[in-house]
Amino acid sequence: MASSTFQPETRSGSRDDNAARRLLDSSAQLSYDPLTEVDWDTPLDTDFHGTSPEWSTLYGTPYWNELTDAQRKALTRQEAASVASTGIWFEMILQQMVLRDIYAKDPTDDTVQWALTEIADECRHSIMFARGAKKLRAPAYRPHRVAVELGRFFKTVAFGEAAYAAILVAEEVLDVMQRDWMRDERVVPFVRTINNIHVVEESRHMQFARDETRRHLARAGRLRRRVHAVLIAVAAYVIVTSMVNRKVYANAGLDEERALREARTNEHHKSMMRASCSGLMEFLASVGLLTRPALFFYQRAHLI
């Protein structure tokens, strides 16, 4: 991804163009309009969860065992809304980074056209997540102010593999969760539809992010690679730790302080996060981005 000063870049040619053309063709054949695909009109059925219960931050804790079925469902609905809100926040960062990358490049290039297609997808996803959170009767959960400012800094300075690998981190973590949720009949139907749409369309985005990460790393020196490895890991830590806002517990009618204490020490949830990131960690290791300093942040976020 280009820095704030434009630098002309030559591509390898047919290989990049062919990959982008395949993504464009896939998008033309299989994309969704959330405004018509999602059932926005049917009232929320509170007999359903918002996520698979096993993905709740409290699942497996003593507090979870004390909750009534209705309280558990209310909690997972608030957690789903919080994850959606965090997704909107990061998708806004993603769109700005991709736009900076393609600024002043040839718009007839298939890769540029795919990048614009990805941005259009993310705009639809953000609206879809926002409407979904509202239907779940949740407030607009926002990351902590520090995370917001770090995101502002990251989207301004990140380029090349740092930008695309961070995009991949956010999308891979969410992808594994949503694959479980979209198949789970305990989850409210409209959320399952949202998850299905996101999983299908994000699979193309993740492929593009992997390809761009490899391409940029091919010309990255050792120092740049090591610096960016840490930058990506810090971004991953901020994203993952911002997914579930602390206010979800109070909004579900729980004791916020007790819920926070038990969530922070919940080994079940930590193991779920590690399992969801096994493929991601293998990819980062394969391209030399899983350095010892970077590992510190991934471990702190319970991603490895």
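**Focus on the overall build of the protein**
So, step 1. A count of helical and extended segments in the protein gives 14 helices and zero strands.
So, step 2. Helices and strands in the protein line up, N terminus first, as α-α-α-α-α-α-α-α-α-α-α-α-α-α.
So, step 3. With respect to the principal axes defined by its C-alpha atoms, the protein has extents near 60 × 45 × 30 Å.
So, step 4. Looking at the protein residue by residue over its 304 residues, the buried ones come to 54%.
So, step 5. Across the protein, contacts joining residues at least 24 apart in sequence account for 85% of those joining residues at least 6 apart.
So, step 6. Surface accessibility of the protein: about 13,900 Å² in total, with carbon and sulfur atoms responsible for 54%.
So, step 7. Of the charged side chains in the protein, 40 are positive and 40 negative; the average position of the first set lies 6 Å away from that of the second.

**Some points on the packing of helix H4 (residues 69-102) against helix H7 (residues 161-183)**
So, step 1. The contact between H4 and H7 brings their axes to 11 Å, and the two run at 145 degrees. When you trace H4 past H7, the crossing you get is left-handed. On the side of H4, the interface is formed by Val 83, Phe 90, Leu 94, Met 97, Val 98 and Asp 101, while H7 contributes Ala 163, Tyr 164, Ala 166, Ile 167, Ala 170, Glu 171, Leu 174 and Trp 181.
So, step 2. Of the residues belonging to the contact of H4 with H7, the class tally is 12 nonpolar, no polar and two charged.

**Section: the nonpolar core**
So, step 1. Ile 167, Met 177, Leu 289, Tyr 298 and Leu 303 are the most contacted members of the largest nonpolar core, which has 59 residues in total.
So, step 2. Tallying contributions element by element places H7 first for this core, with 13 residues.
So, step 3. Apart from the residues lying within four places of it in its own chain, the contact partners of Tyr 298 are Ala 229, Ile 232, Ala 233, Ala 236, Met 281, Leu 284, Leu 290, Leu 303 and Ile 304.
So, step 4. Among the nonpolar cores identified, the runner-up in size contains 32 residues, and Ala 80, Ala 84, Val 187 and Ala 252 belong to it.

Scoring rules and cut-offs
Residues numbered from 1 in each chain as written. Predicted model: local features only at pLDDT ≥ 70, side-chain atom pairs only at ≥ 80, totals over all residues. Heavy atoms only, no water. Helix = DSSP H or I, 4+ residues; strand = E, 2+ residues; numbered from the N terminus. Buried < 20%, exposed > 50% of the residue type's maximum accessible area, 1.4 Å probe, protein only. Contact = heavy atoms within 4.5 Å. Areas by Shrake-Rupley, 256 points an atom, 1.4 Å probe, with all protein chains shown as cover. Lys, Arg positive; Asp, Glu negative; His and termini not counted. Charge placed at Lys NZ, Arg CZ, Asp CG, Glu CD. Axes fitted to C-alpha atoms, helices over the stretch in contact; angles between N-to-C directions. Left-handed = near helix turned anticlockwise from the far one by under 90°. Nonpolar A, V, L, I, M, F, W, Y, C, P; charged D, E, K, R; others polar. Core = buried A, V, L, I, M, F, W, Y, C linked by side-chain atoms within 4.5 Å.

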